[in-house]
2 protein chains.
Amino acid sequence: MSSSISAEQKVTLLRKYMKDLQLDAFIIPSEDAHQSEYVANCDQRRQFISDFTGSAGFAVVTQQEALLWTDGRYFLQAEKELDSKVWKLMRMLEDKSLEDWLVDCFIAESPQTVRNIGMDGRFISVASFKRLEKTLQDKGSSNASLVLLTIGEENLVDKVWGKDKPPIPKSLVFLHSEEYAGESVKSKLARVRESMAKNHCNLLIVSALDEVAWLFNLRGSDVEYNPVFLSYAIITDTQSLLFVDASRLEKEAQQSLNEQNIQTIPYENIFQVLQEKAKGCKVWLDKNKGNMALYQVCQNAPCEKIVEKPCPISWFKALKNEREVQGAKDAHIRDAAALITYFAWLEHQVVVEKQKPTECEAADVLDSLRSKQNLFVSLSFPTISSVGSNAAIIHYRPNPKDCKRVDNQHIYLCDSGGQYRDGTTDVTRTLHFGIPSQREKECYTRVLKSHIQMDTAIFPKGTSGLALDCLTRAPLWKVGLDYRHGTGHGVGSFLNVHEGPQSISFRPSASEVALEPNMLVTDEPGYYEDGAFGIRIENVLLIKSVETPNQFGGKPYYGFEHITFVPMESRLIDLNLLTDEELTWINRYHEECWSKVSPYLKDEKAFKWLQERTRPLNK
Amino acid sequence: MSSSISAEQKVTLLRKYMKDLQLDAFIIPSEDAHQSEYVANCDQRRQFISDFTGSAGFAVVTQQEALLWTDGRYFLQAEKELDSKVWKLMRMLEDKSLEDWLVDCFIAESPQTVRNIGMDGRFISVASFKRLEKTLQDKGSSNASLVLLTIGEENLVDKVWGKDKPPIPKSLVFLHSEEYAGESVKSKLARVRESMAKNHCNLLIVSALDEVAWLFNLRGSDVEYNPVFLSYAIITDTQSLLFVDASRLEKEAQQSLNEQNIQTIPYENIFQVLQEKAKGCKVWLDKNKGNMALYQVCQNAPCEKIVEKPCPISWFKALKNEREVQGAKDAHIRDAAALITYFAWLEHQVVVEKQKPTECEAADVLDSLRSKQNLFVSLSFPTISSVGSNAAIIHYRPNPKDCKRVDNQHIYLCDSGGQYRDGTTDVTRTLHFGIPSQREKECYTRVLKSHIQMDTAIFPKGTSGLALDCLTRAPLWKVGLDYRHGTGHGVGSFLNVHEGPQSISFRPSASEVALEPNMLVTDEPGYYEDGAFGIRIENVLLIKSVETPNQFGGKPYYGFEHITFVPMESRLIDLNLLTDEELTWINRYHEECWSKVSPYLKDEKAFKWLQERTRPLNK
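Residues numbered from 1 in each chain as written. Chains lettered and ligands numbered in written order. Predicted model: local features only at pLDDT ≥ 70, side-chain atom pairs only at ≥ 80, totals over all residues. Heavy atoms only, no water.

## Remarks on the packing of helix H14 (residues 322–352) of chain A against helix H15 (residues 359–371) of chain A
Residue and element names in this part refer to chain A.
Then, number 1: Direction vectors running N to C along H14 and H15 enclose 145 degrees, while the axes themselves pass 9 Å from each other. The crossing of H14 and H15 is right-handed. Side by side, H14 and H15 meet where Asp 335, Ala 338, Leu 339, Thr 341, Tyr 342, Trp 345 and Leu 346 of the first sit next to Ala 362, Ala 363, Val 365, Leu 366, Leu 369 and Arg 370 of the second. (Axes fitted to C-alpha atoms, helices over the stretch in contact; angles between N-to-C directions. Helix = DSSP H or I, 4+ residues; strand = E, 2+ residues; numbered from the N terminus. Left-handed = near helix turned anticlockwise from the far one by under 90°. Contact = heavy atoms within 4.5 Å.)

Here it is as structure tokens:
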């Protein structure tokens, strides 16, 4: 996105608006009012103000400074994109945290005056706000005051953005048929109400876009790559209110809502309607997904109490039903066919035709092949097509202006996925079309060992993703290698490619959710050598019950079934580093790739490529 | 401990005292006023009231019911010891938690009346109390009221106990010389005050007995197996107050305190003195170790604020200095010599002499051998000497009246340790003096694989014990085996055999502390087959920096150095289940056992036994 004013002008203007409201600092999160990871163009406030295009992080502007915090996946990218004359990069887990910076630097600077730290309540979750508030209290910062913009007041970044700000999206909202959803809206609403009763609540606010979409079996395209639409829902014992403009509903979608007596209300009326409805109610508002503006409205209503637990839909959605599991498997096979056809084409270009397509040209071919698959709707995220040192930028996205070319000298990392009517895919393969260095082979093989370690893990009911994260990393740790991202995330069912509540990660939140059968998770360890190359190997795995020779304590034991079938890069494997079990795993996996995907290949080159790439390897 | 009245009489009397105070329930924790794991006889209130002798758990008595909660280590033992006509066993992580039981059963029973749930503030930590309070609130139990006994009021269980209650211990308090402590009291106090200043506090309450002992380089023997003495300390910017009767101090101890101007005050005056001192202060009271009575006194003083973070001593104490590390290593070698001499004797008794010593007779021989080692002070916990099915009782303690005999038909598990002036030891070996079953061999070998998995783990700075717990269990999980206890705990330096803050465990608290060099932890996976046999293999490991071929992100990588040197049971190893790396590990470990311990063996049989037991194994 290009903007008509410079980084410096934008920040200067923002500082003026801050002064008008007597704000000493203004916090600009990446999230929209629904705590979405990917947001509509009109909600890309943090990107607009800072020019940093990564999906995670937040900006803080004071009268003196402008800082951007982001995590390890984005350090290199942020360094490239931020105007260093205006912005300072704050590396999460390395530099001071926001709270520490506020206390140690910002507030300590003028210990005698109260510092007003402003933010828009719509864009900060209840949990984040309270955490910030508590941390400041604990640190004894009595002269820091958190100030939320009045509900209805224009956001300060929006004011700076002015007429350049993109309009609120109004994509068509369409039915996600029960054939793929596997459960009726009626049944879903009944389960939600049952959970409300169990938790002594009589009003549930559904705020996450994918949760609204899941609940009503509806999809849209307001946010690129995520088949969701800007909306809220309020469920009471007797009413189901969907906050979306009725004019956006496709006829079948409207019909389905009518059948269940679901009332539609314009999106922007949420705060006003909630103010009435919440009065005297026992409200359920997920503190991690609900925003502070909703919370304030409930408090002001006033409601009787607010339960802040995770929304029950988050859990229902994570546990795929039989139809969704089958859909995910089917989608992954078709997706693999597209990817294999693409890799065969790319290798032919480089090795036989001696061509060097750019990262973008290559990605375009892949995107086009994928789009021809049955039931394809869109990509599930921007294709990462990256060569050599670009592959070390974890969430790299090639830019036609300055991207590299694919050749036989460098590693090629491709992370991509699609939204299909029957499922969402996400797969990464790292290839080499020539003779890799011993260093590249060693690192690839270590990452592969980690990938296999997770794929073959068996664990008892109750095990969390934090535990499995460590297990997966262990083979890399043995030689001092690691990666600065989680090991895996949940995957939606024709929904967001990243979904919770489960995750395989070192982050504390990963310890709060036990892994359960019928969840989907990715298995994507990596290794990134800045300025040189990057490696990631990613499959989607289905959690399932497994039979073990013993069953200690009568507990069920769980394991994984991979549903991604694209071969590994044999040229990058150092067979000497593999155990016999690991080699057997690879050969079996390749057999599966061949038997499952070859029937779907229409292209002779792809067929031959797959045949070649799935031949048994021997030490 | 025998008591003169029956289980039923005790509970009946307690109910009467509860009625007098209008309490509907009374909670009796295992802990003393210092949140100790092992407590003095006079503090064994939960054991007295319930007859359950395990080290962990708590009792709740209502007018209708009497319940005892304990964890997996103690299920079998509790079933044996509780009078089932009076008491009901509540299995932690299997049955309802205390909070759930209170809400779902106890309070729900009479929704119209307020239920007074009483406890003695001295015996519940600030964190436990607040957690209970918050959980009841969150569950919407507005008709539950938590009632703390007035400070100074006699504990209700003590009233029941009456004249049978043992007196408060007054063991000699003696100096732990700098030769072994490795740091002067002056230096320790300076570090504590530095930490107080950094945390904006001017009064620190030291409540944990081992923290007081560590800070003043003093030791005692008030609590069996733990070289501590009943005491508190208050540190302000200018004063160091030690709450212990001066008459108990050995001359050198008194002298050392005088040199540092440390004032002694009678133990029972803590609440009264704190009330004066805390007034207007910024108090630091570790919420997990400080009790609610201390907290109430600070609030009433009133103090300015209470910081509830972990006491800084907990962390200082966990990071052993050079002298303490050397002491631990030396103590473990002498300890291994005693244990090897014992095992050699036991095997000779069973195999050559065809004798079958009882578990107790055998333990007595071990205890006697250990007590002859240089610098021995006491055992570090009661020796677990267990045969066959008794070995499946995790914290089994043989009773001369009904213990089994060691023979060549059953597994023999021995978990024991000593307190030496230079260090504390803790080691478990599982042996077989005949021909074990294939089942026993398989299980032993899987446990050994888990043990080696932890011993050889390499992990980056920042990794917690929760992560390593999963890694250690993985080889057992592969075949559906597991164990109902943590994988490891910190070990004191001539202090408690269990110490924090680190632990290798699936419990959430294990994720809160990153493992650091110079910590000691045990590596003790196990497997227990109820009614059949039990296996545990335990070494003490020292965390240290390791060199790795890579060092991703410039982070230090850590690993372990085992400091326990007692051979594994070759008869129980199924070589076919081991990888080549694991077999190499065992042979190297046995070489170390031989070279380090053989010079210390005075007994010919022990020397030969060790020689035999450390011969290289081959597939």
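## Points about unusual backbone geometry
Residues and elements named next belong to chain A.
Then, number 1: The peptide bond linking Ala 301 to Pro 302 adopts the cis configuration, its omega dihedral lying at -10 degrees.
Then, number 2: On the secondary structure map, Pro 302 appears in the loop between helix H12 (292–300) and strand S14 (305–307).
Then, number 3: Positive phi, normally seen in glycine, also occurs at His 200, with a value near 55 degrees.
Then, number 4: Take His 200: it is sitting in the loop between helix H8 (185–198) and strand S8 (203–206).

## Observations regarding the interface of chain A and chain B
Then, number 1: At the interface, 30 residues of chain A touch 30 residues of chain B.
Then, number 2: The junction of chain A with chain B conceals about 2,600 Å² of combined surface from both sides, 64% of it contributed by carbon and sulfur atoms.
Then, number 3: For the chain A face of the interface with chain B, the top three residues by lost area are A:Trp477, A:Asn550 and A:Phe552, together amounting to 26%.
Then, number 4: Linking chain A to chain B there are zero salt bridges.
Then, number 5: For the side of chain A that touches chain B, the secondary structure elements donating two or more residues are strand S21 (459–460), helix H17 (465–477) and strand S25 (526–529) of chain A.
Then, number 6: Partitioned by chemical class, the residues of the side of chain A that touches chain B number 19 nonpolar, seven polar and four charged. (Buried area = accessible area lost by both parts, 1.4 Å probe. Salt bridge = Lys/Arg side-chain N within 4 Å of Asp/Glu carboxyl O. Nonpolar A, V, L, I, M, F, W, Y, C, P; charged D, E, K, R; others polar.)

## Quick notes on the nonpolar core
Then, number 1: The biggest cluster of nonpolar side chains holds 169 residues, and the ones touching the most others in it are A:Tyr342, A:Tyr412, B:Tyr342 and B:Tyr412.
Then, number 2: Discounting chain neighbours no more than four positions away, the residues touching B:Tyr342 are B:Ala362, B:Ala363, B:Val365, B:Leu366, B:Leu369, B:Ser385, B:Tyr412 and B:Cys414. (Core = buried A, V, L, I, M, F, W, Y, C linked by side-chain atoms within 4.5 Å. Buried < 20%, exposed > 50% of the residue type's maximum accessible area, 1.4 Å probe, protein only.)

## Considering the sheet that holds strand S3 (residues 66–70) of chain B
Across a sheet, paired strands are connected by hydrogen bonds in the backbone, their directions being either parallel or antiparallel.
Residues and elements named next belong to chain B.
Then, number 1: On the basis of which strands lie adjacent, the open sheet formed by six strands has the order S4-S3-S2-S1-S5-S6 and mixed pairing. The sheet is open, and its two edges are formed by strand S4 (88–91) and strand S6 (144–148), each paired on a single side. Within the sheet, the average angular offset between the axes of one strand and its neighbour, ignoring direction, is 25 degrees.
Then, number 2: Looking at chain direction, strand S5 (residues 115–119) and S6 are connected through five bridges and run parallel. Looking across to S6, one finds that Gly 118 is bridged to Val 147.
Then, number 3: This element, helix H1 (residues 7–20), spans strand S1 (25–29), strand S2 (58–62) and S3 of the sheet and lies at about 65 degrees to S2. (Pairing = 2+ DSSP bridges.)

## Structural notes on the pairing of strand S20 (residues 427–432) of chain A
Taken residue by residue, a regular strand's side chains alternate between the two faces of the sheet.
All names here are of chain A.
Then, number 1: Most of S20 is tucked away: six of the six residues are buried.
Then, number 2: The alternating pattern of S20 places Val 427, Arg 429 and Leu 431 and Thr 428, Thr 430 and His 432 on opposite faces, both of which are buried.
Then, number 3: Taken together, the six bridges between strand S17 (residues 411–416) and S20 define a ladder with antiparallel strand orientation. Looking across to S20, one finds that Cys 414 is bridged to Arg 429.

## Looking at the pattern of salt bridges
Then, number 1: Evaluated as defined, the whole model comprises 76 salt bridges over all chains.
Then, number 2: The closest approach of N and O atoms between A:Lys329 and A:Glu561, which form a salt bridge, is 3.0 Å. Here A:Lys329 is found in helix H14, whereas its partner A:Glu561 is found in strand S28 (residues 557–562), with 232 residues between them in sequence.
Then, number 3: Under the relative-accessibility criterion, A:Glu561 is labelled partly exposed at 24%.
Then, number 4: Across the salt bridge formed by B:Arg73 and B:Asp71, the nearest N and O atoms sit 3.0 Å from each other. By the burial criterion, B:Arg73 is buried, and B:Asp71 matches it.
Then, number 5: Linked by salt bridges that have partners in common, A:Asp43, A:Arg45, A:Asp158 and A:Lys165 make up one network.

## What about the sheet that holds strand S2 (residues 58–62) of chain A?
All names here are of chain A.
Then, number 1: Judged by pairing direction, the sheet is mixed, and its six strands sit side by side in the order S4-S3-S2-S1-S5-S6 without closing on themselves. Looking at which strands have only one partner, the edges of the open sheet turn out to be strand S4 (88–91) and strand S6 (144–148). When strand polarity is set aside, the average angle formed by the axes of neighbouring strands in this sheet is 25 degrees.
Then, number 2: Where strand S1 (residues 25–29) meets strand S5 (residues 115–119), two bridges bridge the pair, whose relative direction is parallel. Residue pairing in the sheet places Phe 26 in a bridge with Gly 118 of S5.

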